[in-house]
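Chain by chain, the residues run as shown.
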Amino acid sequence: MSFLTAAVNPAAESTANAFADTVLNGSVLLAIPVAALAGLVSFLSPCVLPLVPGYLGYVTGLTGVDLQKQRRGRMFAGIGLFVLGFSLVFVALGAGIGQLGAWLKGSEQEWITQALGVVVILLGIVFMGGMSWFQRDRKIEAKPPAGLWGAPVLGITFGLGWAPCIGPTLSAVQLLSFSGSDASAAKGALLTFVYCLGLGLPFLLLAVGFRRGMGALGVFRRHRLALQRFGGGMLIALGVLMVSGVWNVWINQLQGWLGNVTLPI
């Protein structure tokens, strides 16, 4: 038993340390609320919010009358599979971009962060409706079968065919994964997973409380322009922080505060 413990513990300890380093990294902790808010903004965007009732009906295979009966179990299962589908696409992409950042990281990290900040500012302008050339959908014509069997496939299709309102927010999160001396596949996957939570949890909450949720959606629809401006403004503010160097200053300060923190793993 002692030999087995000695053989297993180093690997387990290495995994725990890697997890702790990723979770307690200053840039990750600072970026997590940004990623979650970006996901929520994507859900409330004009490209997604008006289509939510259609998604609910398609992934569950229920008609409008059946939806009103609130068959919560089937609705929750369908939406869960749908969220799982696009999350697999986004997280895989985030891990890949994070790993690319790890391969390219060097001594010019500050310059790279500033350049990416300019890109994030442009993404904010696109989100607000500017630069109309970027306002094009990349649609995949193939449609999966309606119902639970097609729900994850529709989620994957949703992930592969980004709408203009999703692209800027998701791309900003991916750029946060790419930048910094701590860029890694784990960082990219984690931040993108948090983004998917911000985008997917509202879908799941609607599946649980359909009638009340539909009423709330009406309020958001009436203020969609304000929400679009808020989302674009958030991205522009993030880009300005990256260009000015304030983002890196905050990361370093947070990293200093966390220097003596250890996880009980």
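No experiment lies behind these values; they were computed from the predicted model shown.

**Remarks on the overall build of the protein chain**
Okay, so step 1: Looking only at helices and strands, the protein chain features twelve helices and zero strands.
Okay, so step 2: Order of helices (α) and strands (β) in the protein chain, N terminus to C terminus: α-α-α-α-α-α-α-α-α-α-α-α.
Okay, so step 3: Here the protein chain holds 265 residues, and 43% of them are scored as buried.

**Structural notes on the environment of Ala 95**
Okay, so step 1: Relative to the helices and strands, Ala 95 resides in helix H5 (residues 72-104).
Okay, so step 2: Between the C-alpha atoms of Ala 95 and Gly 188, which are 93 residues apart in sequence, the distance is 4.6 Å.

**Description of the UniProt feature "transmembrane region" (unreviewed entry) in the protein chain**
Okay, so step 1: UniProt marks residues 30-56, 76-99, 111-134, 146-170, 190-210 and 230-250 with the feature "transmembrane region" (unreviewed entry), using the numbering shown here.
Okay, so step 2: Between the end C-alpha atoms of residues 230-250 there is a gap of 22 Å, over a span that is 95% helix and 0% strand.

**A few points about the confidence of the model for the protein chain**
Okay, so step 1: The predicted model of the protein chain averages 75 in pLDDT, with 68% of residues at 70 or higher.
Okay, so step 2: The least confident element of the protein chain, judged by mean pLDDT, is helix H1 (residues 2-23) at 48; the most confident is helix H9 (residues 185-208) at 89.
Okay, so step 3: Note that pLDDT drops below 50 for residues 1-8; the model gives that stretch one contact with residues more than four away or on any other chain.

Calculation criteria
- For every chain, the first residue of the written sequence is number 1, and numbering continues from 1 along that sequence.
- Where totals are concerned, whole chains, interfaces and linings use all residues; where local detail is concerned, this predicted model gives features only for residues with pLDDT of at least 70, and gives and counts side-chain atom pairs only at 80 or more.
- The basis for the side-chain values is all heavy atoms of the structure; hydrogens and waters are excluded.
- In this description a helix means any DSSP run of H or I spanning at least four residues, a strand means any run of E spanning at least two, and both kinds are numbered starting from the N terminus.
- Only protein chains enter the accessibility calculation, which uses a 1.4 Å probe; a residue whose area is less than 20% of its type maximum is buried, one above 50% is exposed, and one in between is partly exposed.
- UniProt positions are given in the numbering used here, feature names are shortened, and annotations may be inferred rather than shown by experiment.
- For every residue, the predictor assigns a confidence score, pLDDT, that lies between 0 and 100.
- Any two residues having at least one pair of non-hydrogen atoms within 4.5 Å are treated as being in contact.

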